[in-house]
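# A closer look at the structure
Each chain is listed here by its residues.
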Amino acid sequence: MTHVEDELSSQPECWTRAAADATEHKRALPAAGERVAIVGCGTSWFMAQSAAALRERSGQGETDAFAASEFPHGRAYDRVVALTRSGTTTEVLGLLDRLRGRTRTTAITADPRTPVMESADDVVVLAYADERSVVQTRFATTALTLLRAHLGQHTDAVAADARTALADPLPAGLTDRTQFTFLGHGWTVGLANEAGLKMREAARAWTESYPAMEYRHGPISIASRTTATWMLGEAPEGLARQVRETGALWVAGGLDPLAELVRVQRLAVAVATARGLDPDRPRHLNRSVILTPDADGTPGSVAHPSPEPGSR
């Protein structure tokens, strides 16, 4: 079993623990009424998108999501929450340092021995969800589960659905498709973006992701007998029929959307295996992007790998 398979299989247990611990971390997480930005890079940015949409929908307060490198410093926030598995990502650390003394910051990380522990005002460590794999699975979904539970948006049914996602077979013929489109609505748009990223990272697959209602506005033109369109969450009326009429495989999201993401993670591993790829070793990627400063002190373009958990 690869690291990523082992880690994605442990998600129900990680989610249950995160939900149980949410009250313990209450002071470090956004309070109702705060104006909040949630930031991250890669997978963490997509989890930020989902968390921001969930928080605003629940009436807790205005919430934005940004890639750490694109944070709008001209805006005022009561708190900035940074999602960073490694605790070493250059863009995240640089943003937290710049916000020091001006805006309250919280970091949610997996490793308590990294620089982010000193960069943020408050830190939540999910060490039990750390990973050896470059490809993120359980840390990202566990961090989102913590935030869902903090918002009162998590139930035991979510972990139960994740167990179903791990046990049930994937749709027949799905791994033979050559193009995959993932759709979301509201908070699940971030999950759709993450689903596409997982397929690209692990399986080098051609993937796209969109808000579900936008799919009719052009992207559906690529649908054919060699493609699959996967809905994370409830689909707009009539969309499944329109996709099937193109000859594409329609995959309905019948489970909790976060559990549907677990199914996509399994698909990414299955497609990688079918193509003779090692999902633990995606090309051109490291566990953390750490940039060497140029002569003028600005971040350069040379990435260095982050050590595996336990060796930092």
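Everything below is about the structure printed above this text.
The notes below deal with the structure included here. Note that the structure is predicted; figures quoted are calculated from it, not measured.

Each value, and the rule that gives it
Residues numbered from 1 in each chain as written. Predicted model: local features only at pLDDT ≥ 70, side-chain atom pairs only at ≥ 80, totals over all residues. Heavy atoms only, no water. Salt bridge = Lys/Arg side-chain N within 4 Å of Asp/Glu carboxyl O. Helix = DSSP H or I, 4+ residues; strand = E, 2+ residues; numbered from the N terminus. Buried < 20%, exposed > 50% of the residue type's maximum accessible area, 1.4 Å probe, protein only. Core = buried A, V, L, I, M, F, W, Y, C linked by side-chain atoms within 4.5 Å. Contact = heavy atoms within 4.5 Å. Expected span 1.5 Å × (residues − 1). Arc of directions from axis to C-beta.

## Looking at the pattern of salt bridges
Under the defined criterion, the tally for this structure stands at 15 salt bridges. The salt bridge partner of Glu245 is Arg241, with a shortest N-O separation of 3.2 Å. Of this pair, Glu245 and Arg241 are both found in helix H9 (residues 239-245), four residues apart, which corresponds to roughly one turn of the helix. When its relative accessible area of 58% is taken as the criterion, Glu245 is described as exposed. Judged by its relative accessible area of 47%, Arg241 falls in the partly exposed class. Connected through shared salt-bridge partners, Glu34, Arg79, Arg104 and Asp122 make up one network.

## Considering the nonpolar core
Residues Ile108, Leu126, Phe180, Phe182 and Met199 are the most contacted members of the largest nonpolar core, which totals 57 residues. Setting aside residues no more than four positions away along its own chain, Phe182 makes contact with Ala192, Ala195, Gly196, Met199, Thr207, Glu208, Ser209, Tyr210, Trp230, Leu232 and Val264. Judged by nonpolar contacts, the second largest core, of 16 residues, contains Val39, Ala82, Leu99 and Ala107.

## Some remarks on helix H7 (residues 156-167)
With twelve residues, H7 should reach 16 Å at 1.5 Å per residue; the first-to-last C-alpha distance of 17 Å fits that figure. Along H7, the positions that sit buried rather than exposed are Val158, Ala159, Ala162 and Ala165. Down the axis of H7, the sector holding all buried residues measures 110 degrees, keeping them to one side. Opposite the buried face of H7, at more than 90 degrees from it, the exposed residues are Asp156 and Ala167. Buried residues in H7 make contact with helix H2 (11-21), helix H6 (138-150) and helix H10 (257-274).

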